[in-house]
Every structure is written in C-alpha cells, then in structure tokens.
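Summary of structural features
This is what each chain is made of:
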Amino acid sequence: ETKLNGYTQIDLLQNRFYERAKYVVDTLRKQGYCYLDDFHGEVTALSILSEVKNLHQREKFTDGELVSSNGNGSMLNKKIRDDKIAWIDGKEENCQTISHHMTTVNTLIRYCNGLIDEYDIEHRTKAMVACYPGQGTCYKRHVDNPNKDGRCITTLYYLNPGWTEEKGGMLKLYPGGSEEAVKILPRLDRLLLFWSDRRNPHEVEPSHDVRYAITLWYFDKNERARFRKKQEEDERKKAILSQQENGSKDGKKD
Ligand SMILES: Cn1c(O)c(C(=O)NCC(=O)O)c(=O)c2ccccc21
Ligand SMILES: [Mn+2]
C-alpha cells in the first residue's frame, strides 16, 4: 500500500468524504441547504444522464399529471403532462451508474450522520428519477415533509449539461420559510441537500427544456418509527370502523 505523507489511500478517501460531510453539515446548520458541484466528475455524471435518458426511452417513467399548458386551467388549449417520475432501487438493468450514485450519497450521508446529533439516519427511499418535459412544466411551492413522515434530508442530483437560467426550471428555495428566495441552477453534476421539513418550502419554476434530476430522501430513524406506528394505528382504527359499519348493516338486515 503506497503511503502518501503518512496516509494510506483508504485514509485519503475517507478524509475526502469526511471533509465534504463536515462542509455539508456546517452549511446545513447555517442556511438549511447546501450544494456540492462536480460531485461525481463529468464522465460519471454523463453516464448517469445516459442511463436516465434510456429509462425515459424505455417508457419507465409514469405519465405526469395532465395539466393545461397556459396554467389558467382552461380546457381549451392542448394538454401537456408535467413532471414524470420513475422509482429506481438500483438493481434494474442498465442502472449501474445510478446505483453507484446511490451508494456514494449513502456514504456521504453516513459521514454526515456522525456529525449530526439531532438525527439518526439509517435508511432512505428508493431513487426518484424525475423528468420535466419542458413546455413550461413546473412544480408548485411545497414542503417535502410537512407532517413528520420521517424524512429529514432531501438530496437532489441534477443532470442538465449547459443549463442556463433562460431555460427556466430553476429551483426556488425559501430557506427558513423566509420570503427572499434562493434560486438554484439545476446544472449537471450538482448535488443539492436540504432539510426536508418546513424549513425549506421550494418550487420548480416553469421549464422550457427537458430537465432531469434524481432525488434520494433520507429518514430519521425515530421520526420514521413513530410515523409507521401511527400509520398502523390508523389502519387498525379504519378496519374496526368498517367492521362496525358492516356489523350495523348486518344488524339492520335481520
Ligand atoms: C417531480 N418532483 C419534484 O421535482 C420535486 C421537487 O421538489 N423537485 C425539486 C427540483 O427538481 O429541483 C418533488 O418534491 C416531488 C415530490 C413528489 C413527486 C414528484 C416530485
Ligand atoms: Mn420537493
């Protein structure tokens, strides 16, 4: 193992992750969001983009909701579909580099987890690959996790080479719910991270070109466990209610 000023290769790799995690956590604490450019390097980024485009060609995306193109809801004009998504676990064929992205972000978040004591991050969602087909498609202002469903960090990886602001599609973020928005360019190989809760309302401005991104949501263990317990309780209550209803119906019958 060649030693470089006392560090082995592994130490250096871990240091690189450690250094970036430190910067991410300090920045998240300061402003609630943070982005890293040239996250994988251009070659890997373009390989991820080609896998995403291939998913698109293979019709692996849902059809976005039907929306009217002039945004005032009149049914007269042509219908367009807005954002389309595909859920990927990384084992699908021709998704090797998307899978590499998922494991790399996992490693970064594992290092961040060591530096964040208010959360205990062990799990994440599958990857949500999103495509805005252009023609003014957008995503209205929202909070990813307004009601404690367990998601604590949103990561968005953008895949749009040569993107410029005149193409629209900027991510408008209102950090700390403040009114002055921050606009993030969805450029190739940019990884954006932000707290998923009400601290970060955000929206996607109308896009005038095809716009791709990959989202991974990371869970806080305790918040997620509480949410799942609540979900199960709601299921049980619903089941009891419907039994009672059926019971009362039966009662009426005889
Ligand atoms: C397609 N799409 C999204 O683009 C965003 C989102 O906030 N995107 C931000 C961005 O792409 O910059 C979402 O948060 C989202 C949530 C549920 C389903 C689809 C969704
Ligand atoms: Mn969102």
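An account of the accompanying structure is given in this report. (Residues numbered from 1 in each chain as written. Chains lettered and ligands numbered in written order. Predicted model: local features only at pLDDT ≥ 70, side-chain atom pairs only at ≥ 80, totals over all residues. Heavy atoms only, no water.)

Judged by pairing direction, the sheet is antiparallel, and its four strands sit side by side in the order E7-E12-E9-E10 without closing on themselves. Bordering the open sheet on either side are strand E7 (137–142) and strand E10 (182–184), each of which pairs with just one other strand. Geometrically, the sheet is characterised by an average inter-axis angle of 25° between neighbouring strands, direction not taken into account. (Pairing = 2+ DSSP bridges. Helix = DSSP H or I, 4+ residues; strand = E, 2+ residues; numbered from the N terminus. Axes fitted to C-alpha atoms, helices over the stretch in contact; angles between N-to-C directions.)

Metal coordination angles in their ideal form are 109.5 degrees for the four-donor tetrahedron and 90 or 180 degrees for the six-donor octahedron. Protein coordination at the manganese ion (ligand 2): the donors are His142 (NE2), Asp144 (OD) and His202 (NE2), at 2.1 to 2.2 Å from the metal. One chain supplies every donor for the manganese ion (ligand 2), spaced along it as H-x1-D-x57-H. Residue His142 is found in strand E7, and its partner His202 is found in strand E12 (residues 202–207); the two are separated by 60 residues along the sequence. (Donors = N, O, S within 2.8 Å, 3.2 Å for Na, K, Ca; no water.)

Another point: the packing of aromatic side chains. All chains considered together, the criterion is met by four aromatic pairs. With 6.4 Å between their ring centres and 40° between their planes, Trp87 and Trp217 make a pair best called tilted. With Trp87 in strand E4 (residues 84–88) and Trp217 in strand E13 (residues 211–220), the pair connects residues that are 130 residues apart, well separated along the chain. Given a relative accessible area of 44%, Trp87 falls into the partly exposed group. A centroid spacing of 5.7 Å and a plane angle of 55° characterise the contact between Tyr119 and Trp195, whose relative ring orientation is tilted. In this pair, Tyr119 sits in the loop between helix H3 (96–115) and strand E5 (121–124) while Trp195 sits in strand E11 (residues 190–195), placing the two residues 76 residues apart along the sequence. Of the residues examined, Trp195 reaches a relative accessible area of 3% and is grouped as buried. (Phe/Tyr/Trp six-rings, centres within 6.5 Å; stacked < 30°, edge-to-face > 60°. Buried < 20%, exposed > 50% of the residue type's maximum accessible area, 1.4 Å probe, protein only.)

E11 sits mainly inside the fold: six of its six residues count as buried. Burial along E11 is two-sided: the face carrying Arg190, Leu192 and Phe194 and the face carrying Leu191, Leu193 and Trp195 are both buried. Looking at chain direction, strand E1 (residues 33–36) and E11 are connected through four bridges and run antiparallel. Of the residues in E11, the one forming a bridge with Cys34 is Leu193. Across six bridges, the pairing between strand E8 (residues 151–158) and E11 is antiparallel. Opposite Thr155, over in E11, you have Leu193 as the bridge partner.

Of all hydrophobic cores here, the largest spans 41 residues; its most connected members are Val52, Ile98, Leu108, Ile153, Leu159 and Ile214. For this core, the leading source of residues is H3, giving six residues. Apart from residues no more than four positions distant in its own chain, Ile214 is found in contact with Ile48, Val52, Ile98, His101, Ala127, Met128, Val129, Thr155, Leu156, Tyr157 and Leu159. One finds Tyr132, Leu173, Leu192 and Val204 within the second-largest nonpolar core, a separate group that totals 11 residues. (Core = buried A, V, L, I, M, F, W, Y, C linked by side-chain atoms within 4.5 Å. Contact = heavy atoms within 4.5 Å.)

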